[in-house]
Amino acid sequence: MQNQISPLILSFGAADPVAATGLYADTASFAAMGCHGLPVTTAILTGDTGQVDSIHALDADLVDEQARTVLEDMPVIAIKVGLVGSVENVTAIAEIVSDYPDMPLILDPFNAAVAEHIADTEDLSLSIRELLIPQAMLLVISAIELSRLAETWKEQGESDDLTADAMTLIDSGCEYVLVTGTPCQAGEIANMLFNESGMVRRDVWQRSPGSYMGAGTTLSAALTALLATGIPVPEAVLEAQEFTLAAVQHAQQFGMGKLVPDRYFWAREPAQ
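For the protein, the name recorded in an unreviewed UniProt entry is hydroxymethylpyrimidine kinase, with Undibacterium griseum as its organism. Checking UniProt for the protein, the heading Pathway (unreviewed entry) contains the comment "Cofactor biosynthesis; thiamine diphosphate biosynthesis."

In structure tokens, the structure reads:
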């Protein structure tokens with residue numbers, strides 16, 4: 001009798017040599033949640049725990065070949081899209097996703113740490129907004145990144161409105177938008193989840209001291225894994241935040257730069 005397999009998640013993203021963000025962080029978070037990650041490399045990063053130095057996007061045909069070969073072989077449950085690297089890669093990924101409309105798509109494509117290394121950032125944001133976000137079950141985006149994305153549809157000088165901007169993305173076809181780092185009291189972190197009915201939930205957490213690399217990737221990957229196991233979005237959002245907070249609280253200092261969340265903190269805790 002064949003053993004029951006772990007839920008399989010196809011993940012598009014960058015190869016980060018620190019394994020703090022991107023594909024390696026995804027696969028660690030998936031495994032911690034009982035899922036198996038299938039990494040599709042869209043770009044290669046160079047850098048250390050202090051910063052990302054450069055990004056090198058892979059050819060779109062190679063991205064397409066990686067993904068389609070895996071999809072034709074295995075029963076993938078969900079698709080996560082992180083850093084895409086280029087407009088051409090967005091187009092290729094959007095075509096793949098459209099061929100598998102029954103698979104939930106979780107997006108976390110914006111990363112402020114690498115934005116300065118990407119040419120044609122505005123064109124890339126516009127392509128993500130037009131081709132990927134309308135197909136997504138869930139978009140994870142920081143309040144700062146949402147404000148930047150909103151510049152692709154707002155008139156110059158138009159004021160920011162976080163709720164209105166989130167609802168614009170919902171109206172485009174995205175089922176849920178999780179906005180992280182929303183306004184809150186000093187020493188706290190607040191995240192807000194929206195769907196077509198408006199704000200679904202707002203969670204406030206105590207901010208952990210220190211500077212971290214990969215907390216956002218941990219959150220979106222944990223969310224993807226929870227959704228792959230069938231947990232409804234609002235409940236998955238809460239559980240993923242709790243997991244990310246614990247991973248951050250157990251973060252490790254690998255180098256001279258930022259702390260890296262420990263996705264396997266639970267395995268290192270002493271038995272009771």
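Here the narrative resumes, following the displayed structure.
1. Quick word on helix H1 (residues 22-32)
Burial of H1 is extensive: eight of the 11 residues sit out of reach of the surface. Along H1, the residues classified as buried are Gly22, Leu23, Ala25, Asp26, Ala28, Ser29, Phe30 and Ala32. Those residues of H1 that are buried are in contact with strand S1 (8-15), strand S2 (36-47), strand S4 (76-81), helix H8 (215-228), helix H9 (233-249) and helix H10 (265-268). Phi turns positive, to about 85 degrees, at glycine 34, one or two residues after H1.

2. Digging into unusual backbone geometry
The phi angle at alanine 19 is positive, at roughly 60 degrees, despite the residue not being glycine. One can find alanine 19 in the loop between S1 and H1. The partly exposed category is assigned to alanine 19, whose relative accessible area is 31%.

3. So, a negative patch on the surface
Together, Asp59, Asp61, Glu65, Glu88, Asp120, Glu122, Asp123 and Glu151 give the surface a local cluster of negative charge. Among the secondary structure elements, those contributing two or more residues to the negative patch are helix H2 (60-71) and helix H5 (121-132). Since its relative accessible area comes to 54%, aspartate 120 is described here as exposed.

4. A short note on the pairing of strand S8 (residues 188-195)
For S8, a buried count of seven out of eight residues is recorded, marking the element as mostly surrounded by other parts of the structure. Where strand S7 (residues 176-182) lies against S8, four bridges are found, and the strand directions are antiparallel. By the bridge assignment for S8, valine 177 is matched with phenylalanine 194. Linking S7 to S8, which pair antiparallel, is a turn of five residues; within it glycine 187 sits at a positive phi near 85 degrees. As paired strands, S8 and strand S9 (residues 198-206) are joined by eight bridges and run antiparallel to one another.

5. Re the packing of aromatic side chains
According to the stated counting rule, one finds two aromatic pairs in the structure shown. Seen from their ring centres, phenylalanine 243 and phenylalanine 265 are 5.6 Å apart, and the 45 degrees between their planes marks the pair as tilted. Here the residue phenylalanine 243 occupies a position in helix H9, and phenylalanine 265 occupies one in helix H10, the gap between them amounting to 22 residues. Taking relative accessible area as the criterion, phenylalanine 243 reaches 8% and is therefore assigned buried. Relative accessible area serves as the criterion here: at 11%, phenylalanine 265 is assigned to the buried category. Summarising the aromatic geometry, the rings of tyrosine 264 and tryptophan 266 are spaced 6.1 Å apart at their centres and angled 70 degrees between planes, so their arrangement reads as edge-to-face. Its relative accessible area of 30% is what places tyrosine 264 among the partly exposed residues. Relative accessible area serves as the criterion here: at 42%, tryptophan 266 is assigned to the partly exposed category.

6. Here we look at the environment of leucine 58
Relative to the helices and strands, leucine 58 is located in the loop between strand S3 (52-57) and H2. Its relative accessible area of 18% is what places leucine 58 among the buried residues. Through-space distance from the C-alpha of leucine 58 to that of threonine 42 is 5.4 Å; in sequence the pair is 16 residues apart. Discounting residues that sit within four places of it in the chain, leucine 58 has contacts with Thr41, Thr42, Ala43, Ile44, Val63, Gln66 and Asn89.

7. Some thoughts on the pattern of salt bridges
The full count for this structure, using the stated rule, is seven salt bridges. Across the pair aspartate 64 and arginine 68 runs a salt bridge, and its minimum N-O distance is 2.9 Å. With aspartate 64 and arginine 68 both in helix H2 and four residues apart, the pair spans about one turn of that helix. The class of aspartate 64 is partly exposed, set by a relative accessible area of 22%.

8. Description of the sheet that holds S8
The strand order across the open sheet formed by nine strands is S3-S2-S1-S4-S5-S6-S7-S8-S9, and the pairing between neighbours is mixed. This sheet does not close on itself; its edge strands, each paired only once, are S3 and S9. Strand-to-strand twist across the sheet, computed as the mean angle between neighbouring axes with direction ignored, equals 20 degrees. The strands touched by helix H7 (residues 162-171) within the sheet are strand S6 (138-142), S7, S8 and S9, with S8 carrying the most contacts at an inclination of about 40 degrees. Across the sheet, H8 is in contact with S1, S4, strand S5 (105-107), S6 and S7; its angle to S4 comes to roughly 160 degrees.

Analysis parameters
Residues numbered from 1 in each chain as written. Predicted model: local features only at pLDDT ≥ 70, side-chain atom pairs only at ≥ 80, totals over all residues. Heavy atoms only, no water. UniProt positions renumbered as here; feature names shortened; annotations may be inferred. Buried < 20%, exposed > 50% of the residue type's maximum accessible area, 1.4 Å probe, protein only. Helix = DSSP H or I, 4+ residues; strand = E, 2+ residues; numbered from the N terminus. Contact = heavy atoms within 4.5 Å. Patch = residues over 30% accessible without salt bridge, like charges linked within 9 Å, V, L, I, M, F, W, Y side chains within 5 Å. Areas by Shrake-Rupley, 256 points an atom, 1.4 Å probe, with all protein chains shown as cover. Salt bridge = Lys/Arg side-chain N within 4 Å of Asp/Glu carboxyl O. Lys, Arg positive; Asp, Glu negative; His and termini not counted. Charge placed at Lys NZ, Arg CZ, Asp CG, Glu CD. Pairing = 2+ DSSP bridges. Phe/Tyr/Trp six-rings, centres within 6.5 Å; stacked < 30°, edge-to-face > 60°. Axes fitted to C-alpha atoms, helices over the stretch in contact; angles between N-to-C directions.

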